[in-house]
Amino acid sequence: MTEVFTGSFTQQEPIPEAGIEAALSVMRSGRLHRYNTCEGEVSETAALEQEFAALTGARYCLGVASGGYALGCALRAVGVKPGDRVLTNAFTLAPVPGAIASVGGVPVFVEVTEDLVIDLEDLEAKAGQADVLMLSHMRGHLCDMDALMEICRAAGITVIEDCAHTMGATWNGVASGRHGLVGCYSTQTYKHVNSGEGGFLVTDDAEVAARAVILSGSYMLYERHAAAPGPEVFERVRLETPNVSGRMDNLRAAILRPQIAKLGEQVARWNARYDVVEAGLRDTPGLRQVTRDPRGVFVGSSYQFLLPEWSPGAVEEVVTRCKARGVELKWFGAEAPVGYTSRYDSWHYAPSGPLPRTDAVLAGLLDMRLPLTFSLDDCAQIARIIRAEVSAVYQAAGGTDARA
Ligand SMILES: *Cc1c(COP(=O)(O)O)cnc(C)c1O
């Protein structure tokens, strides 16, 4: 009998009871706005920022309305102006070029490697074209961060990290988001903690932090922050920095605090699931797995594999057959963007030069989420289904004939 998977790839776990209790208490108080505090009270938002700063080892942390807002706010806070070019990896999702465009910046796309990280050679070749790199750790794959920072230091490039998929990850023992000048995170439902919408920005730079706080809509209430620089820093920036409201609120902060406290535990659970899928797909003919550098601690909240040099028809056949058995694969090689899988050439507001290496990778790239509601047995079953369908299509095409 052919097995069919019946789980949902979009079903996250419930909010921890402690978060529900804290959220109820915020609602009963009526003080949902982060600056609506009683004398001596530290708001849920301010406490959350302190806790996230401690988790990442950052001096300053700001909670905001979304991950995309954090990216745009970071660009403004480091001084990107309309017309400025901003380097970014071509394999990412729409909020990244969107954030660059939102400040009038012009994305310059950098190639991606078969291991789904930024191509450092191409980065070096393009380093003279911009003063800022917005590095997206897409799908949790971390490049050699020491080598990347060396290239950027030598070229005088400011690095902003998009850690939407690396909250809880580390490179050489340093939290993801702490190599560049600013790290940005999302707390949207499909990321590593869930407040519906939300995000963070962390930095050690006092002026960038102060500008970000003012940008986010603090008016002159910045002294109610607990993970922000002192008033003397705000004195220097407060009248020069516009208000582009995008604050975190106490309700979301209350939901997030218990989740931040158990992030390490969740990372271990995600990685156990990732390992089961990876083991189940090992040595599947025609399928290439992504190699991850042992210097990184990754968060396996999603899984990717390549069908290198397969014809579009054969890749589509795999997607269709897996879907019929309950396994939803997203294909980054489709002609038109579907769901979240848009590709750099579908962002018409940000035209790019040719990226042949990225095109070849994306043409055979398949992606799926691994929510924590999946058991380890579920993950083993998913791998069995993918393995069987990839093998069937590959063999039907006569092995190497699946190739274009
Ligand atoms: C989700 C996501 C973001 C932005 O997060 P939102 O909170 O949805 O704005 C940024 N980058 C990547 C790669 C993402 O997947």
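The shown structure was predicted, so the numbers you read here are calculated from the model rather than taken from an experiment.

**Looking at the side chain of Gln 12**
Next up, step 1: One can find Gln 12 in the segment before helix H1 (17-29).
Next up, step 2: Reaching out from Gln 12, the side chain makes a polar contact with the backbone oxygen of Thr 189 at a distance of 2.8 Å.
Next up, step 3: Apart from residues lying up to four places away in sequence, Gln 12 is in contact with Thr 189, Tyr 190, Lys 191, Asn 194, Pro 371 and Thr 373.

**A word on the UniProt feature "active site" (unreviewed entry) in the protein**
Next up, step 1: Within the UniProt annotation, "active site" (unreviewed entry) is assigned to Lys 191.
Next up, step 2: Tracing the backbone through its elements, the reader meets Lys 191 in the loop between strand E8 (182-186) and strand E9 (199-203).
Next up, step 3: For Lys 191, a relative accessible area of 16% corresponds to the buried category.

**Things to note about the site of the ligand**
Next up, step 1: Around the ligand, 14 residues are found, and the nearest of them are Gly 67, Gly 68, His 165, Ser 186 and Lys 191.
Next up, step 2: Contact between the ligand and Gly 67: an oxygen atom at 2.8 Å from a main-chain N or O atom of the residue.
Next up, step 3: Asp 162 has a polar side-chain atom sitting 2.8 Å from a nitrogen atom of the ligand.
Next up, step 4: With the chains in place, 91% of the 380 Å² that the ligand exposes on its own is no longer accessible.
Next up, step 5: Of all the secondary structure elements, the ones that give two or more residues to the shell around the ligand are helix H3 (67-77) and helix H4 (95-102).
Next up, step 6: The residue makeup of the shell around the ligand, split by class, is four nonpolar, eight polar and two charged.

**Structural notes on the UniProt feature "modified residue: N6-(pyridoxal phosphate)lysine" (unreviewed entry) in the protein**
Next up, step 1: Following the UniProt record, the feature "modified residue: N6-(pyridoxal phosphate)lysine" (unreviewed entry) maps to Lys 191 here.
Next up, step 2: Non-local contacts of Lys 191, meaning those with residues more than four positions away in its chain, are made with Gln 12, Ala 164, His 165, Ser 186 and Trp 270.

**Topic: the sheet that holds strand E14 (residues 365-369)**
Next up, step 1: Pairing in this open sheet of four strands is antiparallel, and the strands run E10-E12-E14-E13 from one edge to the other. Each of the sheet's edge strands pairs with one partner strand only, and the pair in question is strand E10 (288-289) and strand E13 (330-331).
Next up, step 2: Taken together, the five bridges between strand E12 (residues 302-306) and E14 define a ladder with antiparallel strand orientation. From the neighbouring strand, Ser 302 faces E14, where its bridge partner is Arg 369.
Next up, step 3: Strand contacts of helix H10 (residues 263-281): E10, E12 and E14, with the helix running at about 20° to E12, the strand carrying the most contacts.

**Considering the packing of aromatic side chains**
Next up, step 1: A complete count under the given rule lists eleven aromatic pairs for this structure.
Next up, step 2: Aromatic pair Phe 52 and Tyr 185: ring centres 4.8 Å apart, planes at 80°, arrangement edge-to-face. Separated by 133 residues along the polypeptide, Phe 52 in helix H2 (residues 44-56) and Tyr 185 in strand E8 bring together distant segments of the chain. Here the two residues Phe 52 and Tyr 185 agree in accessibility, since each one is buried.
Next up, step 3: Here Phe 109 and Trp 347 contribute two aromatic rings whose centre-to-centre distance is 5.8 Å and whose plane-to-plane angle is 40°, an arrangement assigned as tilted. Of this pair, Phe 109 sits in strand E3 (residues 106-110) while Trp 347 sits in the loop between E13 and helix H12 (356-363), and the two are 238 residues apart along the sequence.
Next up, step 4: Assessed through its relative accessible area of 3%, Phe 109 is described here as buried.
Next up, step 5: Its relative accessible area of 5% is what places Trp 347 among the buried residues.
Next up, step 6: Each member of the aromatic cluster is reached from another via a ring pair, and the members are Phe 5, Phe 9 and Phe 374.
Next up, step 7: Just above the ring of Tyr 190 sits the side chain of Arg 369; from NZ or CZ to the centre is 4.4 Å.

**Describing H2**
Next up, step 1: Its 13 residues give H2 an end-to-end C-alpha distance of 18 Å, which sits within 8% of 18 Å, the value for a rise of 1.5 Å per residue.
Next up, step 2: Among the residues of H2, Thr 45, Ala 46, Ala 47, Leu 48, Glu 49, Phe 52, Ala 53 and Thr 56 are the ones counted as buried.
Next up, step 3: Of the surrounding elements, those touching the buried residues of H2 are strand E1 (60-64), strand E7 (174-175), E8, E9 and helix H9 (250-261).
Next up, step 4: In the stretch just after H2, Gly 57 is the one whose phi turns positive, near 75°.

**Focus: the domain arrangement of the protein**
Next up, step 1: Assigned domains within the protein: domain 1 (17-261) and domain 2 (263-402).
Next up, step 2: The straight-line distance from the C-alpha centre of domain 1 to that of domain 2 is 28 Å.
Next up, step 3: Each partner contributes to the interface: domain 1 provides 40 residues, whereas domain 2 provides 35 residues.
Next up, step 4: Overall, the association of domain 1 and domain 2 removes approximately 3200 Å² of surface from exposure, summing both partners, and the carbon and sulfur fraction of that is 59%.
Next up, step 5: Across the domain 1-domain 2 interface, the total number found is five salt bridges.
Next up, step 6: With a closest N to O distance of 3.3 Å, Asp 115 and Arg 288 form a salt bridge.
Next up, step 7: Those elements that place two or more of their residues in the side of domain 1 that touches domain 2 are H4, E3, helix H5 (120-126), strand E6 (170-171) and H9.

**Focus on the sheet that holds E6**
Next up, step 1: Taking strand neighbours across the sheet as the criterion, the three strands line up as E7-E6-E11 in an open arrangement whose pairing is antiparallel. Edge positions in the open sheet fall to E7 and strand E11 (296-297), since each of these has one partner strand only.
Next up, step 2: One ladder, built from two bridges, connects E6 with E11; its direction is antiparallel. Pairing of Thr 170 across the sheet is with Val 297, part of E11.

**Examining the packing of H3 against helix H7 (residues 206-217)**
Next up, step 1: H7 packs onto H3 with a crossing angle of 125° between their chain directions and a minimal axis gap of 9 Å. The angle between H3 and H7 falls in the class oblique. You can see that H3 and H7 cross each other, and the crossing is right-handed. Contacts between H3 and H7 involve Tyr 69, Cys 73, Arg 76 and Ala 77 on the former and, on the latter, Val 208, Arg 211, Ala 212, Leu 215 and Ser 216.
Next up, step 2: Class assignment of the residues belonging to the contact of H3 with H7 gives a composition of six nonpolar, one polar and two charged.

Here is what the cut-offs are and how they apply
Residues numbered from 1 in each chain as written. Predicted model: local features only at pLDDT ≥ 70, side-chain atom pairs only at ≥ 80, totals over all residues. Heavy atoms only, no water. Helix = DSSP H or I, 4+ residues; strand = E, 2+ residues; numbered from the N terminus. Polar contact = N/O pair within 3.5 Å; in protein donor to acceptor, adjacent residues only side chain to side chain. Contact = heavy atoms within 4.5 Å. UniProt positions renumbered as here; feature names shortened; annotations may be inferred. Buried < 20%, exposed > 50% of the residue type's maximum accessible area, 1.4 Å probe, protein only. Near = heavy atom within 4 Å. Areas by Shrake-Rupley, 256 points an atom, 1.4 Å probe, with all protein chains shown as cover. Nonpolar A, V, L, I, M, F, W, Y, C, P; charged D, E, K, R; others polar. Pairing = 2+ DSSP bridges. Axes fitted to C-alpha atoms, helices over the stretch in contact; angles between N-to-C directions. Phe/Tyr/Trp six-rings, centres within 6.5 Å; stacked < 30°, edge-to-face > 60°. Lys NZ or Arg CZ within 6 Å of the ring centre and 35° of its normal. Expected span 1.5 Å × (residues − 1). Domains from an automatic or database assignment. Buried area = accessible area lost by both parts, 1.4 Å probe. Salt bridge = Lys/Arg side-chain N within 4 Å of Asp/Glu carboxyl O. Parallel < 35°, antiparallel > 145°, perpendicular 65-115°, else oblique. Left-handed = near helix turned anticlockwise from the far one by under 90°.

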